[in-house]
Amino acid sequence: GYFSDFEQSPGGAEALDYLDTRGRTRNAHRNSWQWGIPVVGPGAAWGTGWGTNLLGRPHGGSTSSLYLPPVTVPFGADAEISFDSWTSGNCCHTNRYLHVSTDGEIWTEVAGFRSGQDGDRRAFDISAFPGDAVRFRFYATGVDDWYVDDVAIGIDGKEPGQEDGGDACDDD
């Protein structure tokens with residue numbers, strides 16, 4: 001699994017060039033993802049996290065990709081990714097997506113978002129994407145803000161870091 005609240009570090013996430021749906025490397029056009037405390041959008045009460053331009057609107061016409069570090073999603077496991085999401089702006093000018101790749105080349109859309117969905121906790125089943133080096137990216141095109149925080153990838157109902165200690169009543 002994986003978890004980062006991004007308070008003390010970027011959590012291994014990186015704002016990088018992106019791979020298109022055919023696996024070709026493309027330059028992120030004016031990549032707007034930044035790690036820190038937002039001055040606009042959800043504001044300082046949000047705490048430290050990732051956002052597309054923490055000081056104001058992202059660069060016009062930007063294409064921005066934020067990659068999480070690779071995680072293992074075991075075959076046959078129930079797996080879920082969840083995160084806090086804050087968006088703003090005109091619903092017609094920005095597209096936001098959560099993508100997944102099991103091979104680092106082909107990216108599949110897990111979910112798409114439009115503007116106007118402020119301060120929601122989002123959760124998505126990712127059981128259909130098993131592998132040893134599964135990557136997720138937050139991908140945005142357009143001019144409006146998107147902030148993500150408290151990203152967790154849970155496996156078989158366990159939050160990252162939880163151990164299976166058994167039940168004290170078990171005789172086995």
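Thresholds applied
- Residues numbered from 1 in each chain as written.
- Predicted model: local features only at pLDDT ≥ 70, side-chain atom pairs only at ≥ 80, totals over all residues.
- Heavy atoms only, no water.
- pLDDT = per-residue confidence, 0-100.
- Contact = heavy atoms within 4.5 Å.
- Helix = DSSP H or I, 4+ residues; strand = E, 2+ residues; numbered from the N terminus.
- Buried < 20%, exposed > 50% of the residue type's maximum accessible area, 1.4 Å probe, protein only.
- Salt bridge = Lys/Arg side-chain N within 4 Å of Asp/Glu carboxyl O.

## A look at the confidence of the model for the protein
Logical step 1: Residues of the protein with pLDDT of at least 70 account for 74%, and the chain-wide mean is 80.
Logical step 2: Scored below 50 in pLDDT, residues 163–172 makes one contact in the model with residues more than four places away or belonging to other chains.

## Thoughts on the environment of Arg96
Logical step 1: Tracing the backbone through its elements, the reader meets Arg96 in strand S10 (residues 94–101).
Logical step 2: Classification of Arg96 by relative accessible area gives buried; the value is 0%.
Logical step 3: Taking the C-alpha atoms as reference points, Arg96 and Asp144, 48 residues apart in sequence, are found 9.7 Å from one another.

## Examining unusual backbone geometry
Logical step 1: For Asp150, which is not glycine, the phi torsion reads 50 degrees and is therefore positive.
Logical step 2: The residue Asp150 is located in strand S14 (residues 146–155) in this model.
Logical step 3: Taking the relative accessible area as the measure of exposure, Asp150 reaches 22% and is therefore partly exposed.

## Some words on the environment of Pro38
Logical step 1: Tracing the backbone through its elements, the reader meets Pro38 in the loop between strand S5 (33–36) and strand S6 (49–52).
Logical step 2: Pro38 gets classed as buried once you look at its relative accessible area, which sits at 2%.
Logical step 3: Taking C-alpha positions, Pro38 is 4.4 Å from Leu54, a pair spaced 16 residues apart along the chain.
Logical step 4: When residues no more than four places from it in sequence are discounted, the contact partners of Pro38 are Gly43, Ala44, Trp46, Gly47, Leu54 and Tyr147.

## Looking at the pattern of salt bridges
Logical step 1: Under the counting rule described, the total for this entry stands at two salt bridges.
Logical step 2: Here Asp84 ties to Arg121 by a salt bridge, and the two come within 3.1 Å at their closest N and O atoms. Taken together, the residues Asp84 in strand S9 (residues 79–87) and Arg121 in strand S12 (residues 120–125) connect sequence positions 37 residues apart.
Logical step 3: Asp120 is the partner of Arg122 in a salt bridge, and the nearest nitrogen-oxygen pair spans 3.0 Å.
Logical step 4: A relative accessible area of 17% means that Arg122 is categorised as buried.
Logical step 5: Judged by its relative accessible area of 30%, Asp120 is partly exposed.

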